[in-house]
Amino acid sequence: MNQRKYVHDDNIKIKIILPVLITFAFILVGVMAGMFSIQKISNKEQIKNKIQGVEQLFQEYLSDEAKFLTAQIDTIKNNKDFQHLFIIKNRESLFKLAKPVFDKFYTQYKITHFYFTDLSRVNFLRVHNFEKH
């Protein structure tokens, strides 16, 4: 009879403990899934914010570079020596004056072409390729 009581007690323990363990496992899996989902959302937000920050920095960088290059172009455009040599169509002297400027632009900004174009849209001087008109 004692043997039977122990078997009966074991059956009761299994009937109680098993559902509790299964329930606990489901709760644990649910909590872990929720945490994973929250982490995933958080990561997406962080990545989105970083991308927006990089895009903003890039736009500011481009704007600064454009302003600097515009200032450089204005300096060339307003230079009386450039103007005079262009007006009198002295390609050789204009090339000698413009070549150091082009070299600086190439070194600093990787600008590969530098033209002097007349009003009829014909390239009078290609500083990057002097031999070609």
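All values derive from a computational prediction rather than experimental measurement.

What follows covers the side chain of Gln72. Along the polypeptide, Gln72 turns up in helix H1 (residues 2-77). Sequence-distant contacts of Gln72, defined by excluding residues within four places in its chain, comprise Lys104 and Phe105.

So, about the packing of helix H2 (residues 80-87) against helix H3 (residues 91-109). Axis separation between H2 and H3 bottoms out at 9 Å; the angle between their running directions is 145°. The hand of the H2/H3 crossing is left-handed. Between H2 and H3, the residues in contact are Asp81, Phe82, Leu85 and Phe86 and Ser93, Leu94, Leu97, Ala98 and Val101, respectively. Looking at the contact of H2 with H3, its residues break down into seven nonpolar, one polar and one charged.

A separate point is the pattern of salt bridges. It is possible for side chains of opposite charge to pair when their charged atoms get near one another. Counted by the stated rule, this structure contains two salt bridges. Lys77 serves as the salt-bridge partner of Asp74, at 3.4 Å between the closest nitrogen and oxygen. Within this pair, Asp74 and its partner Lys77 are both found in helix H1, separated by three residues, close to a single helical turn. Judged by relative accessible area, Asp74 falls into the partly exposed class, the value being 29%. Using a relative accessible area of 53% as the deciding quantity, one classes Lys77 as exposed.

It is worth spelling out unusual backbone geometry at this point. Here the phi dihedral of Lys110 falls at roughly 60°; this positive angle occurs in a residue that is not glycine. Within the element layout of this structure, Lys110 appears in the loop between H3 and strand S1 (115-117). On the accessibility criterion, Lys110 (57% relative accessible area) is exposed. Here the phi dihedral of Arg121 falls at roughly 65°; this positive angle occurs in a residue that is not glycine. Topologically, Arg121 is positioned in the loop between S1 and strand S2 (123-126). Look at Arg121 and you get exposed, because its relative accessible area is 74%.

So, on to the nonpolar core. If you look at the biggest cluster of nonpolar residues, it comprises 13 residues, and the most contacted ones within it are Phe82, Leu94, Ala98, Phe114, Phe116, Leu125 and Val127. With five residues, the single largest contributor to this core is H3. Setting aside its immediate chain neighbours within four residues, Ala98 contacts Phe82, Phe114, Phe116 and Val127.

This part takes up the pairing of S2. In terms of strand pairing, S1 meets S2 through three bridges, oriented antiparallel. Residue pairing across strands places Phe116 opposite Leu125, the latter belonging to S2. Counted between consecutive antiparallel strands, the loop separating S1 from S2 contains five residues, among which Arg121 sits at a positive phi close to 65°.

A word on the confidence of the model for the chain. Fine structural detail should not be taken from predicted coordinates in areas where pLDDT scores are low. Of all residues in the chain, 92% attain a pLDDT of 70 or more, and the chain-wide mean is 88. Mean pLDDT across the elements of the chain bottoms out in H1 (87) and peaks in H2 (93).

What follows covers the packing of aromatic side chains. According to the stated counting rule, one finds nine aromatic pairs in the structure shown. Ring centres of Phe86 and Phe116 lie 6.2 Å apart, and the angle between their planes is 35°; this geometry places the pair in the tilted category. With Phe86 in helix H2 and Phe116 in strand S1, this residue pair connects regions lying 30 residues apart in the sequence. Of the residues examined, Phe86 reaches a relative accessible area of 22% and is grouped as partly exposed. Aromatic ring contacts, followed pair by pair, group Phe82, Phe86, Phe102, Phe105, Tyr106, Phe114, Phe116 and Phe124 into a single cluster. Sitting over the face of the ring of Phe86, Lys89 holds its NZ or CZ atom 4.9 Å from the ring centroid.

So, how was this worked out
- Numbers given for residues are sequential positions, taken from 1 along each chain in its written order.
- Residues qualify for local features only when their pLDDT is at least 70, as the model is predicted, and side-chain atom pairs are given and counted only at 80 or more; totals for whole chains, interfaces and linings, by contrast, use all residues.
- Hydrogen atoms and water are omitted, and side-chain values are computed over all heavy atoms in the structure.
- What counts as a helix is a DSSP run of H or I of at least four residues, what counts as a strand is a run of E of at least two, and both are numbered from the N terminus.
- Whether two residues are in contact is decided by their heavy atoms: any pair within 4.5 Å suffices.
- Axis geometry follows a simple rule: fit a line to the C-alpha atoms, using only the stretch in contact for helices, then measure angles between N-to-C directions, giving values from 0 to 180 degrees.
- Each crossing is labelled by how the near helix is turned from the far one, with a counterclockwise turn of less than a right angle marking it left-handed and a clockwise turn marking it right-handed.
- Here the nonpolar group is Ala, Val, Leu, Ile, Met, Phe, Trp, Tyr, Cys and Pro; Asp, Glu, Lys and Arg are the charged ones; every other residue, Gly included, is treated as polar.
- One side-chain nitrogen of Lys or Arg within 4 Å of one carboxyl oxygen of Asp or Glu is enough to make a salt bridge.
- Residue burial is assigned from relative accessible area. The probe radius is 1.4 Å, only protein chains are included, and a residue is buried under 20% of its type maximum, exposed over 50%, and partly exposed in between.
- Residues grouped as a nonpolar core are buried Ala, Val, Leu, Ile, Met, Phe, Trp, Tyr and Cys residues, joined through side-chain atoms within 4.5 Å.
- Only when DSSP finds a minimum of two bridges between them are two strands counted as paired.
- Each residue carries a pLDDT score, the predictor's confidence in it, ranging from 0 to 100.
- We call Phe, Tyr and Trp rings a pair once their centres come within 6.5 Å, taking the six-membered ring for Trp, and we label the pair stacked below 30 degrees between planes, edge-to-face above 60, and tilted otherwise.
- Definition used: whenever NZ (Lys) or CZ (Arg) falls within 6 Å of the ring centre and also within 35 degrees of the ring normal, the charge is taken to sit over that ring.

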